[in-house]
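Descriptive structure summary
Residues per chain, in single letters:
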Amino acid sequence: MSSIDYSEKIPNNVNLSEDRTLRRALEQWQPNYLSWWNDMGPEDSQGFDVYLRTAVSVDPQGWAQFGYVKMPDYRWGIFLNPAEKERKIHFGDHKGEDAWQEVPGEYRANLRRIIVTQGDTEPASVEQQRHLGLTCPSLYDLRNLFQVNVEEGRHLWAMVYLLHKYFGRDGREEGEALLQRRSGQQDNPRILQAFNEPTPDWLSFFMFTYFTDRDGKFQLCALAESGFDPLARTTRFMLTEEAHHMFVGESGVSRVIQRTCQVMNALKTDDPAALRSAGAIDLPTIQRYLNFHFSVTIDLFGADESSNAATFYATGLKGRFEEGKRTDDHRLKGSTYKVLQAQGGELVEKEVPMLNALNEVLRDDFIRDSVAGVDRWNKVIEKAGIGYRLKVPHKGFHRNIGSLAGVKVSPEGRVLTQEQWNAQVDQWLPSTGDRAFVASLMGRVAEPGKFANWIAPPVVGINRQPADFAYVRFN
Ligand SMILES: [Fe+2]
Ligand SMILES: [Fe+2]
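Residues numbered from 1 in each chain as written. Chains lettered and ligands numbered in written order. Predicted model: local features only at pLDDT ≥ 70, side-chain atom pairs only at ≥ 80, totals over all residues. Heavy atoms only, no water.

**Considering the overall build of the protein chain**
When helices and strands are counted, the protein chain shows twelve helices and five strands. In terms of overall dimensions, the protein chain is globule-like: its C-alpha atoms have a radius of gyration of 23 Å, near the 23 Å expected for 475 residues. Counting only C-alpha atoms and orienting by the principal axes, one finds that the protein chain spans roughly 65 × 65 × 40 Å. Buried residues in the protein chain amount to 57% of all 475 residues. Entry remark: accessible area of the protein chain is about 19,400 Å², with carbon and sulfur atoms responsible for 48%. When the 56 positive and 63 negative side-chain charges of the protein chain are each reduced to one mean point, those points stand 2 Å apart. (Helix = DSSP H or I, 4+ residues; strand = E, 2+ residues; numbered from the N terminus. Rg over C-alpha atoms; globule rule 2.2 N^0.38 Å. Buried < 20%, exposed > 50% of the residue type's maximum accessible area, 1.4 Å probe, protein only. Areas by Shrake-Rupley, 256 points an atom, 1.4 Å probe, with all protein chains shown as cover. Lys, Arg positive; Asp, Glu negative; His and termini not counted. Charge placed at Lys NZ, Arg CZ, Asp CG, Glu CD.)

**A closer look at the coordination of the iron ion (ligand 2)**
Those donors, Glu152 (OE), Asp213 (OD), Glu242 (OE) and His245 (ND1), are the protein atoms that reach the iron ion (ligand 2), and they lie 2.0 to 2.2 Å from it. One can describe the donor arrangement at the iron ion (ligand 2) as irregular, given that its four donor atoms subtend angles of 89 to 172° at the metal. Between the donor residues of the iron ion (ligand 2), the gaps in sequence give the motif E-x60-D-x28-E-x2-H. The distance between the iron ion (ligand 2) and the iron ion (ligand 1) comes to 3.5 Å, and glutamate 152 binds to both of them. Of this pair, glutamate 242 and histidine 245 are both found in helix 6 (residues 229-267), three residues apart, which corresponds to roughly one turn of the helix. Accessibility expressed as a relative area gives 3% for glutamate 242, which makes it buried. (Donors = N, O, S within 2.8 Å, 3.2 Å for Na, K, Ca; no water. Tetrahedral: all angles 85-135°; square planar, octahedral: opposite > 155°, others 65-115°.)

**Here's the deal with helix 4 (residues 168-180)**
The terminal C-alpha atoms of helix 4 lie 19 Å apart, and with 13 residues this matches the ideal 18 Å at 1.5 Å per residue to within 8%. Those residues of helix 4 not exposed but buried are Gly171, Glu174, Gly175, Ala177, Leu178 and Leu179. If you follow the buried residues of helix 4, they end up packed against helix 1 (20-40), helix 2 (108-128) and helix 3 (139-166). (Expected span 1.5 Å × (residues − 1). Contact = heavy atoms within 4.5 Å.)

**Some points on the nonpolar core**
General note: in soluble globular proteins, nonpolar side chains tend to be found buried as a group. Counting residues in each nonpolar core, the largest one holds 106 residues, and the members touching the most others are Trp377 and Trp454. Top element by residues in this core is helix 3. It accounts for 16 residues. With near-sequence residues (within four places) excluded, tryptophan 377 lies in contact with Met207, Tyr210, Phe211, Gly249, Glu250, Val253, Ser254, Ile257, Leu290 and Leu390. (Core = buried A, V, L, I, M, F, W, Y, C linked by side-chain atoms within 4.5 Å.)

**Comments concerning the sheet that holds strand 1 (residues 49-55)**
One open sheet holds the three strands; their spatial order is 2-1-5, and the pairing between them is antiparallel. In this open sheet, the two edge strands, each paired with only one partner strand, are strand 2 (64-70) and strand 5 (472-473). Across seven bridges, the pairing between strand 1 and strand 2 is antiparallel. In the strand pairing of strand 2, alanine 55 is matched with alanine 64. Along the sheet face, helix 3 touches strand 1, strand 2 and strand 5 and points at about 40° away from the line of strand 1. (Pairing = 2+ DSSP bridges. Axes fitted to C-alpha atoms, helices over the stretch in contact; angles between N-to-C directions.)

**What about the coordination of the iron ion (ligand 1)?**
Within the protein, the atoms that donate to the iron ion (ligand 1) are Glu122 (OE), Glu152 (OE) and His155 (ND1), at distances of 2.0 to 2.2 Å. Between consecutive donor residues of the iron ion (ligand 1), the sequence gaps follow E-x29-E-x2-H.

**Remarks on helix 3**
A rise of 1.5 Å per residue sets the reference length of helix 3, with its 28 residues, at 40 Å; its end C-alpha atoms lie 41 Å apart and thus fit the reference within 8%. A large share of helix 3 lies buried, amounting to 27 of its 28 residues. Where helix 3 begins, the capping side chain belongs to serine 138, and its oxygen is found 3.3 Å from the backbone nitrogen of tyrosine 140. Positive phi shows up at glycine 168, right after helix 3, with a value of about 50°. (Polar contact = N/O pair within 3.5 Å; in protein donor to acceptor, adjacent residues only side chain to side chain.)

**Structural notes on the pattern of salt bridges**
Applying the stated rule across the entire model yields 37 salt bridges. With its nearest N and O atoms 2.7 Å apart, the salt bridge here joins aspartate 229 to arginine 87. In this pair, aspartate 229 is assigned in helix 6 and arginine 87 in the loop between strand 2 and helix 2, connecting sequence segments 142 residues apart. The buried category is assigned to aspartate 229, whose relative accessible area is 2%. On the basis of relative accessibility, which here comes to 8%, the residue arginine 87 falls in the buried class. Of the charged contacts, one joins lysine 450 and glutamate 447 as a salt bridge, the two residues approaching to 3.1 Å between their closest N and O atoms. Beyond isolated ion pairs, a larger network of salt bridges with shared partners links Asp120, Glu127, Arg181, Arg182 and Arg190. (Salt bridge = Lys/Arg side-chain N within 4 Å of Asp/Glu carboxyl O.)

**Section: the side chain of aspartate 213**
Counting through the fold element by element, aspartate 213 comes out in helix 5 (residues 202-223). Here histidine 245 takes part through its side chain, which lies 3.2 Å from a polar atom of the side chain of aspartate 213. With residues near it in sequence (within four places) discarded, aspartate 213 still touches Glu152, Phe208, Glu242, His245 and Met246.

As structure tokens, then:
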């Protein structure tokens, strides 16, 4: 297994020292990356010592090392999972052929687009989250935010490596453009809409890392199947890091719920106003945040019928989630899949060629996976003896992409008129008032072992550190 060379300017396990052209290109990009980090990375955090994990190997056992790092000095590097010997393409028209070690000329444009779209989400989320450090609910949470941020930065490195190594000058230009777009900016926004939404508070952050980083997981899993072997190997290692991001989201929401339930039981009430005056986030507000982040995130999978999705699969560029575990013919010609459309005031299923429905297939896999964590949140509520249950909304709810874009659908899946929607939307999506209330709770708690009143402490520390561990030192 190739180990990571940390003596180099850019840590890597891809023999960068032997490829002088590539090394030079990346060393030219590096200062631009750092200046992007200084401008758009976590606000006012440059001097902090943060207890971070850094990848030191790609061995699934013990790949990470923990220690204090100043974030601008984090060793962002290039790490690929080891090559599988004689790996074959295992889906699409090229099934059975050797996996590609170079970009096939005829697929160059599509591959570049796939890599750029994935790459663009990585710095985007850092930008979306850059103000959150100022209102952290604890040092533990602050450290987790920074961990997620530096790893998203590394994911950008992972994609830029592919662009520089395999796409020549076009790739280098794309690498620059990735540092120039800005989340939420009018004239040069990030590519995908969910990455232009603000992440204004910590409840949004936890929902984002639960749902939207999970979109990342599913996209990366689909790319980890790619016939283009360097992409498959890169994304596999990214997935190792991604797991922690979803953990931050799932445990974060869970701790908010736990605290709310404690207050509900202490005050013996479920009245949102009473809970709010006690400084807890009422469960219906948590449900509305969930509805928002779930719906915005499932849009990321794209249109339910898509000829691009069919092309990406048929040409072996992007597989399905767990492609290797499926027992069909991995070509899918002649198979069908059901997608939804609105017809005469109702949602009806429509059977379409499966190849064209692969975005929907991935979206449905994502939905199944998301529901599992929501069930675990409900266990926390149940354990507290409270009858309320959280639910993911119907997949037609609040959609902006695909055949349901703009159709007004309730969280239960009923098609509504605009008037019906307007009358109830504040029960379903965070209102201005909800957002203002959540914002009002966001104060900074930065003493070891202390937590904001609206969130419970975690069950265990990072790397088994004690409860009062100083995850961040401000100097
Ligand atoms: Fe990422
Ligand atoms: Fe992530």
